[in-house]
Amino acid sequence: MSSSPSPTVISAPGKVLLAGGYLVLDPAYSGVVVSTSSRFYTVVGSLPQPPAPGGDGPIHIRVRSPQFLDATWLYIVEFDGPGAVRVEQLADNAHGAASKNKFVHLALQRTLALAAELKSVGTLQNTLEYGLDITIVGDNDFYSQRAQLAANNLPPTLDSLAKLPHFNTTRVRLPDVHKTGLGSSAALITSLVSALLLHLHVIPVDAFATEGGTASASAGRKLAHNLAQYVHCLAQGKVGSGFDVSAAVFGSQLYTRFDPAVLAPLMHDDASSQPLHPILSPSNPAWNHRVEPFKLPPQTRLMLADVDAGSDTPSLVGKVLKWRKENSEEAKQLWGTIDSLNQTLSKTLLKLSAVAEKNPEAYRKSVKYISTIQSVQWLANPNIAGNEHHSAMKEVIEGFIDAHTLSQGIRENMRTMGERAGVPIEPPEQTALLDACISAAGVIGGGVPGAGGYDAIWLLVCDPVNCAAEELPARRVERVWGTYAALDVSPLLASESAAKGARVESLGAVPGLADVVRAQ
């Protein structure tokens, strides 16, 4: 990576779908999505001088993913006439990998094509100069660290994970990596297309300065969203719900999907010659998704665990949608029940944030109190009645009780859907693990994220201030995980992202990023 001028660096978070699995596929329903502190980073700089000094050679793009073996891809950019841009992968050589990376290749193709439309081919050629040098890395949480922990004789704990190097090498090729389900492909695509749009001056430098949902986001952020959704769908060969890309762009949210028809004209094989901007423009009303900002209550912590079993998500989704089609009335009633619980959970958690702002002292005391006992005991303390913050504390505690009850109700109804569709949305092994975790003091609720299955769980726990580390609910949960014999449970470091979605980074400010970029 060349040292001058400064490279463009964009990060995008992963996601956890706390509520709305399956329902989020239908625009009649919404999903509660939390963006994670674990992020993907794309660093875009300029290639140095061309291979032949003084030569007027072709424009090259080098893309590296240094966490993997054989993960350098070389491309050549060609301009066919006044408006056509082609990006072709070069054959394997001493510096490039023979394998293909469909996500990266399509992101380069479509982003450069959009840049040529909006800035002209001549302007794009001048901006590219001799070419681009791109490095893409993801935080360790996106990939299972079990092998790395074992190699260092470390137990699977949060403290152990914190000791691993940033952007740790996986020691495998990209197709062989074990992912943890945080939405790595969506975060990768979002960071890559956003960095390219910014680096090529397609969107202004302050495009990611404003946060929030679709109502307050800049036109540049919205364009990055629409392009990332398109590239992600194209690479996967279908138009999915899009909640993962939306979380990567906008952050935690209550998400309602867009009509898949908006991308239909661009999804066929010969769409490369079709103008992109009329469809991808933020002013196109066919982009009818809704993004309402959401956040978890203060002094709570999202905990995630990788369960070493694994599920085939497309298979689960296909079977559930088949059941829904064949049992439409039954499914409509059950989905209506689940949606009502999901919406109420979202409102309850947001209300807790409002209560914390209104009466921070009562909120702090309430969280400290309920963090020490199981949820069934949260309103049992007679001393609350004599407390000067009695009514305010009671309001806080009742809010957390509601969140607990609602999350348990969502689990119950999702299990019912799984039983009726004949798929393991929350299989018995996961039920037993979740019940063991949720029975610990200070745990508010939990579930299996997204489409469910065997491979992950999420928990929301109290995280009181000024509390000894060993007394935190998170440590109690870790002890459950560490001693749980029926399943192999490994924690993830991720919590909810404080930043809302994609953001501009400084290369030197992200621990470990400059080192991994400069290593050739």
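So, a few notes on the structure that sits alongside this text. (Residues numbered from 1 in each chain as written. Predicted model: local features only at pLDDT ≥ 70, side-chain atom pairs only at ≥ 80, totals over all residues. Heavy atoms only, no water.)

1. Points about the sheet that holds strand E9 (residues 300-307)
Sheets are built from strands paired through backbone hydrogen bonds, the pairs being either parallel or antiparallel.
Turning to step 1, where the next piece is worked out: If you trace the four strands from one edge of the open sheet to the other, you get E10-E11-E9-E12, paired in antiparallel fashion. At either end of the open sheet lies a strand with only one pairing partner, and these are strand E10 (443-447) and strand E12 (489-492). Across the sheet, the mean angle from the axis of one strand to that of its neighbour is 25°, orientation sign disregarded.
Turning to step 2, where the next piece is worked out: Bridge analysis of E9 against strand E11 (residues 456-462) gives seven bridges, and the strand direction is antiparallel. Note on E11: the bridge partner recorded for Ala305 is Ile457.
Turning to step 3, where the next piece is worked out: Those strands touched by helix H12 (residues 390-421) are E9 and E10, and its axis lies near 20° from that of E10. (Pairing = 2+ DSSP bridges. Helix = DSSP H or I, 4+ residues; strand = E, 2+ residues; numbered from the N terminus. Axes fitted to C-alpha atoms, helices over the stretch in contact; angles between N-to-C directions. Contact = heavy atoms within 4.5 Å.)

2. Thoughts on the packing of helix H1 (residues 102-119) against helix H6 (residues 219-236)
Turning to step 1, where the next piece is worked out: Remark: H1 packs on H6, axes separated minimally by 9 Å, with the N-to-C direction vectors making an angle of 140°. With respect to each other, H1 and H6 are oriented oblique. The chirality of how H1 crosses H6 is right-handed. On H6, the residues that touch Lys102, Phe103, Leu106, Ala107, Arg110, Thr111, Leu114 and Leu118 of H1 are Leu223, Leu227, Tyr230, Val231, His232, Leu234, Ala235 and Gln236.
Turning to step 2, where the next piece is worked out: Looking at the contact of H1 with H6 residue by residue, the class counts come to 11 nonpolar, three polar and two charged. (Parallel < 35°, antiparallel > 145°, perpendicular 65-115°, else oblique. Left-handed = near helix turned anticlockwise from the far one by under 90°. Nonpolar A, V, L, I, M, F, W, Y, C, P; charged D, E, K, R; others polar.)

3. Observations regarding the nonpolar core
Turning to step 1, where the next piece is worked out: With 128 residues, the main nonpolar core has Tyr22, Ile134, Leu280 and Met417 as its most contacted residues.
Turning to step 2, where the next piece is worked out: Membership of the second largest hydrophobic core comes to 21 residues, among which are Ala305, Leu459, Val461 and Val489. (Core = buried A, V, L, I, M, F, W, Y, C linked by side-chain atoms within 4.5 Å. Buried < 20%, exposed > 50% of the residue type's maximum accessible area, 1.4 Å probe, protein only.)

4. Looking at the packing of aromatic side chains
Turning to step 1, where the next piece is worked out: Under the defined criterion, the tally for this structure stands at seven aromatic pairs.
Turning to step 2, where the next piece is worked out: Between the aromatic rings of Phe40 and Tyr143, the centroid separation amounts to 6.5 Å while the plane-to-plane angle is 85°, which identifies the pairing as edge-to-face. Here Phe40, found in strand E2 (residues 31-46), pairs with Tyr143, found in the loop between strand E6 (131-138) and helix H3 (146-151); they are 103 residues apart in sequence, far enough to count as distant.
Turning to step 3, where the next piece is worked out: On the basis of relative accessible area, Phe40 is assigned to the buried category, the value being 2%.
Turning to step 4, where the next piece is worked out: On the accessibility criterion, Tyr143 (5% relative accessible area) is buried.
Turning to step 5, where the next piece is worked out: Ring geometry for Phe258 and Trp287: centres 5.1 Å apart, planes at 55°, overall tilted. Here Phe258 is found in the loop between strand E7 (253-256) and helix H8 (277-280), whereas its partner Trp287 is found in the loop between H8 and strand E8 (290-293), with 29 residues between them in sequence.
Turning to step 6, where the next piece is worked out: Its relative accessible area of 0% is what places Phe258 among the buried residues.
Turning to step 7, where the next piece is worked out: The class of Trp287 is buried, set by a relative accessible area of 9%.
Turning to step 8, where the next piece is worked out: Three or more aromatic residues joined by ring pairs form one cluster here, namely Phe40, Phe68, Phe142 and Tyr143. (Phe/Tyr/Trp six-rings, centres within 6.5 Å; stacked < 30°, edge-to-face > 60°.)

5. Quick notes on H6
Turning to step 1, where the next piece is worked out: End to end, H6 covers 26 Å across 18 residues, agreeing with the expected 26 Å (1.5 Å per residue, within 8%).
Turning to step 2, where the next piece is worked out: When you tally the buried positions in H6, you get 15 out of 18 residues, the bulk of the element.
Turning to step 3, where the next piece is worked out: Once H6 ends, the next one or two residues include Gly237, with phi positive near 80°. (Expected span 1.5 Å × (residues − 1).)

6. Things to note about the environment of Lys368
Turning to step 1, where the next piece is worked out: The residue Lys368 is located in helix H11 (residues 360-370) in this model.
Turning to step 2, where the next piece is worked out: You can call Lys368 partly exposed: its relative accessible area is 34%.
Turning to step 3, where the next piece is worked out: Between the C-alpha atoms of Lys368 and Pro464, which are 96 residues apart in sequence, the distance is 5.2 Å.
Turning to step 4, where the next piece is worked out: The residues contacting Lys368, other than those within four sequence positions of it, are Pro464, Val465 and Asn466.

7. Focus: the environment of Glu292
Turning to step 1, where the next piece is worked out: Position of Glu292 among the secondary structure elements: in strand E8.
Turning to step 2, where the next piece is worked out: By relative accessible area, Glu292 is classed as partly exposed at 35%.
Turning to step 3, where the next piece is worked out: Setting aside residues up to four positions removed in sequence, Glu292 forms contacts with Gln253 and Leu254.

8. Some words on the side chain of Ser490
Turning to step 1, where the next piece is worked out: Secondary-structure assignment places Ser490 in strand E12.
Turning to step 2, where the next piece is worked out: A residue is classified by how much of its surface remains accessible, and Ser490, at 5% relative accessible area, is buried.
Turning to step 3, where the next piece is worked out: The contacts of Ser490, once residues within four sequence positions are left out, are Arg146, Pro156, Ala305 and Asp306.

9. What to know about the pairing of strand E5 (residues 85-89)
Turning to step 1, where the next piece is worked out: Burial along E5 is one-sided: Val85, Val87 and Gln89 are buried, and none of Arg86 and Glu88, which face the opposite way, are.
Turning to step 2, where the next piece is worked out: Both strand E4 (residues 72-79) and E5 contribute to a ladder of five bridges, which runs antiparallel. The residue bridging Val77 from the neighbouring strand is Val87, located in E5.

10. Notes on the packing of H1 against helix H5 (residues 184-199)
Turning to step 1, where the next piece is worked out: Here H1 crosses H5 at 30°, and the two axes come no closer than 10 Å. In terms of orientation, H1 lies roughly parallel with respect to H5. For the element pair H1 and H5, the recorded crossing hand is right-handed. Facing Phe103, Val104, Ala107, Leu108, Thr111 and Leu114 of H1, the residues of H5 in contact are Ser185, Leu188, Ile189, Leu192, Val193, Leu196 and Leu197.

11. Things to note about the side chain of Ser185
Turning to step 1, where the next piece is worked out: Tracing the backbone shows Ser185 in helix H5.
Turning to step 2, where the next piece is worked out: A residue is classified by how much of its surface remains accessible, and Ser185, at 16% relative accessible area, is buried.

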